[in-house]
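Tertiary structure, described
Spelled out, the chains give:
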Protein chains: 2
Amino acid sequence: MITQPMEIENRSFEIIYPYIKNLNLRDDEVKIYSRIIHAAGDVDYAPIIKISATAIDAAKAAILRGANIFTDVEMVRTGINKRTLKKFGGEVFCKVADDEIKEIAAREKITRSMAAMRNFGENLNGAIVAIGNAPTALFEVLRLVKEENILPAVVIGVPVGFVGAADSKAALLAQDKIPFITVEGTKGGSPIAVAAVNAILYLLDNSRN
Amino acid sequence: MITQPMEIENRSFEIIYPYIKNLNLRDDEVKIYSRIIHAAGDVDYAPIIKISATAIDAAKAAILRGANIFTDVEMVRTGINKRTLKKFGGEVFCKVADDEIKEIAAREKITRSMAAMRNFGENLNGAIVAIGNAPTALFEVLRLVKEENILPAVVIGVPVGFVGAADSKAALLAQDKIPFITVEGTKGGSPIAVAAVNAILYLLDNSRN
């Protein structure tokens, strides 16, 4: 049994590499793919991960200038390495459990995660949005971009499930205003969003690499 | 776009049902399978989910008598419906980020999640253990069972990844002292552990069903 975390991670990435080596990935893309596949324990993620051309550089630049991260659910907030983010000045915000958001969602007959994204509003300009659960939250962010010209630095959008998730991610893929990291189809989830965010943080944090 | 949470969930479970209907599941097993597959967005979980004969009844009985839940990582603690658990008197504990646990792990050259399980020790008797991430935590719980006769009511053990996860779950499947819920192979993760725990909570909470 291997009990040293970095050794477990390195061994895991060695096992994953054969599944991604033919995808012509950049070094920093390899890190993101590896961490996502590691988090899911599922090499079938390799062909469905989609990273837009400028997404990693945009995410790095945002973190370096102290941008905040806005998440749809508490599990994503919990998993993000907040200590590393804080070194650069950023914080993680999630409003889905706030009483105010519950009231708005009930009144407007929308999901709480959708109400939370709408409520973040202009705070999303220049920020990183990380959606790991709710298709409705991703649809709402795409609406804010299109209708209210709110422009996040990058959207990490990996909502999961059989009702709306694939469509919301197809809509993210189809737009070209916002750099993105996503996965096609029904798979996704909080650990996938966390894996992508933390991979980028570790690309910037020399003490970790 | 469907924006009512219960409607999203019901529609999702309708989509999932054809993939599990030939598995001869009990009604309460259907709920657990559905919620796991829903959380992963992945119908390929259907054949790899394994629930021991007495696991669901043991988990229900434990919750009804106010048993606590012990998790390996904070993301599992975050996702569990603590408000519903509290109705029955239980709480969720996770020690992986405690300074004391970090010191023990560094001193004994073991993972933090392993040190945390060892530190819970006799508190695990009669409790629910929910492991969503770390194979080492599951191996440690199985050691506590075997060598120290510590007997959780049920172990929900779904660690994820390519280094130790499949082996740790095979060891859980191979023992017959503790009822269990697990998935075979490399897949798993925090949302899978959370899905199983919350499915059982919702079986007991009439206000939710």
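Report follows, based on the coordinates. All of these numbers come straight from a predicted model, not from anything done at the bench. Just so you know, the residues in each chain are numbered from 1, in the order the chain's sequence is written. Chain letters start at A and ligand numbers start at 1, both assigned in the order the entries are written. A pLDDT threshold of at least 70 governs which residues receive local features in this predicted model, and a stricter bar of 80 or more applies before side-chain atom pairs are shown or counted, although totals over entire chains, interfaces and linings include all residues. As a rule here, side-chain values come from all non-hydrogen atoms in the structure, and water together with hydrogens is ignored.

Topic: the overall build of chain A
Put simply, the test is: The numbering of helices and of strands both runs from the N terminus, where a helix is a DSSP run of H or I of at least 4 residues and a strand a run of E of at least 2. Throughout, the radius of gyration refers to the C-alpha atoms, and the reference size of a globule is 2.2 Å times the residue count to the power 0.38. Partly exposed residues are those whose accessible area sits between 20% and 50% of the maximum for their type, while under 20% is buried and over 50% is exposed, using a 1.4 Å probe and protein chains only. Contacts are assigned to residue pairs with any non-hydrogen atoms lying within 4.5 Å of each other. Here the Shrake-Rupley method, with its probe set to 1.4 Å, supplies the accessible areas, and only the displayed protein chains count as covering residues. In this tally, Lys and Arg are treated as positive and Asp and Glu as negative; His is ignored, and so are the chain termini. Taken as the charge location is NZ of Lys, CZ of Arg, CG of Asp or CD of Glu.
Counting its secondary structure elements, chain A contains ten helices and six strands. In terms of overall size, chain A behaves like a compact globule, its C-alpha atoms giving a radius of gyration of 16 Å where 209 residues would be expected to give roughly 17 Å. Its C-alpha atoms give chain A principal-axis dimensions of roughly 50 × 35 × 35 Å. Each of the 209 residues in chain A was classed as buried or not, and the buried ones make up 58%. Contacts spanning at least 24 positions in sequence make up 65% of the contacts within chain A whose residues lie at least 6 apart. For chain A, the computed accessible surface area is about 8800 Å², with 48% contributed by carbon and sulfur atoms. Charged side chains in chain A number 25 positive and 25 negative. The centres of these two groups are separated by 2 Å.

A short note on the relation of the copies chain B and chain A
Worth spelling out the cut-off: A least-squares fit on C-alpha atoms brings the copies together, and the residues used are those whose pLDDT is at least 70 in both copies.
The two copies are related by a screw operation: chain B maps onto chain A through 180° of rotation and 0.0 Å of translation along the axis, at an RMSD of 0.0 Å. Read as a symmetry element, the transformation amounts to a two-fold axis. Measuring from the rotation axis to each C-alpha of chain B, the shortest distance belongs to M75 of chain B, at 2.7 Å.

Focus: empty space enclosed by the protein
Using the following cut-off: A 1.4 Å probe that fits but cannot get out identifies a cavity on a 1 Å grid over protein atoms alone, an open set with protein on both sides within 12 Å along at least five of seven lines counts as a pocket, and a residue lines either if it has an atom within 4 Å of a point. Grid points are joined across faces, edges and corners, and a volume is the space filled by probe spheres set on the points.
Counted under the stated rule, the structure contains one cavity of 30 Å³ or more. Of the pockets and cavities examined, the largest cavity occupies roughly 140 Å³. Every residue lining the largest cavity is counted, 17 residues in all, and those nearest its centre are A40, Y45 and G188 of chain A together with A40 and G188 of chain B. At the level of secondary structure, the elements contributing two or more residues to the lining of the largest cavity comprise α2 (27-40) and α10 (190-204) of chain A together with α2 (27-40) and α10 (190-204) of chain B.

With respect to the pattern of salt bridges
Heads up, the rule is: For this document, the term salt bridge refers to a Lys or Arg side-chain nitrogen within 4 Å of an Asp or Glu carboxyl oxygen.
Counted by the stated rule, this structure contains 30 salt bridges over all chains. With a closest N to O distance of 4.0 Å, K187 of chain A and D42 of chain B form a salt bridge. One end of the pair, K187 of chain A, is in the loop between β6 (180-183) and α10; the other, D42 of chain B, is in the loop between α2 and β1 (49-51), on a second chain. In terms of burial, K187 of chain A and D42 of chain B fall into one category: buried. In this structure, the salt-bridge partner of D28 of chain B is R26 of chain B, at a minimum N-O distance of 2.9 Å.

Here we look at the interface of chain B and chain A
Worth spelling out the cut-off: Computed with a 1.4 Å rolling probe, the buried area is the accessible surface lost when two parts are put together, summed over both parts. N or O atoms within 3.5 Å of each other form a polar contact, as long as, within protein, one can give a hydrogen and the other can take it, and as long as residues adjacent in sequence are counted only when both atoms are side-chain atoms.
Listed as interface residues are 36 residues of chain B and, on the opposing side, 36 residues of chain A. Here chain B and chain A share an interface that buries about 2800 Å² over both sides, 74% of which is from carbon and sulfur atoms. Between the two partners, chain B and chain A, sit two salt bridges. At the junction of chain B and chain A, the tally comes to seven residue pairs in polar contact (both at pLDDT 80 or more).

Examining the packing of aromatic side chains
For any pair of aromatic rings, the description rests on two quantities: the centre-to-centre distance and the angle between the ring planes. Residues and elements named next belong to chain B. Short version of the rule: Put simply, two rings from Phe, Tyr or Trp (the six-membered ring, in Trp's case) pair if the centres are within 6.5 Å, and we call them stacked under 30 degrees between planes, edge-to-face over 60, tilted for the rest.
Following the criterion strictly, the structure yields four aromatic pairs over all chains and no others. Aromatic side chains F70 and F93 sit 5.5 Å apart centroid to centroid with 20° between the ring planes, which places their arrangement in the stacked category. Of this pair, F70 sits in strand β2 (residues 69-71) while F93 is found in strand β3 (residues 92-93), placing the two residues 23 residues apart along the sequence. With a relative accessible area of 30%, F93 lands in the partly exposed category.

Focus on the packing of helix α1 (residues 5-20) of chain B against α2 of chain B
How two helices pack is summed up by the angle between their axes together with the distance between the axes. All names here are of chain B. Put simply, the rule is: Angles shown run from 0 to 180 degrees and are taken between the N-to-C directions of axes, each axis being a line fitted to C-alpha atoms and, for helices, limited to the stretch in contact. Throughout, the term roughly parallel applies to angles under 35 degrees, roughly antiparallel to angles over 145, roughly perpendicular to angles from 65 to 115, and oblique to all others. When residues are sorted by character, Ala, Val, Leu, Ile, Met, Phe, Trp, Tyr, Cys and Pro go into the nonpolar class, Asp, Glu, Lys and Arg into the charged class, and all the rest, Gly among them, into the polar class.
Contact geometry of α1 with α2 gives a least axis separation of 9 Å together with a crossing angle of 105°. One finds that α1 runs roughly perpendicular with respect to α2. Where α1 approaches α2, its residues E9, S12, F13, I16, Y17 and I20 are matched on the opposing element by V30, Y33, S34, R35, I37 and H38. Among the residues forming the contact of α1 with α2, the class breakdown is seven nonpolar, three polar and two charged.

No statement about biological role is implied by the geometric values presented.
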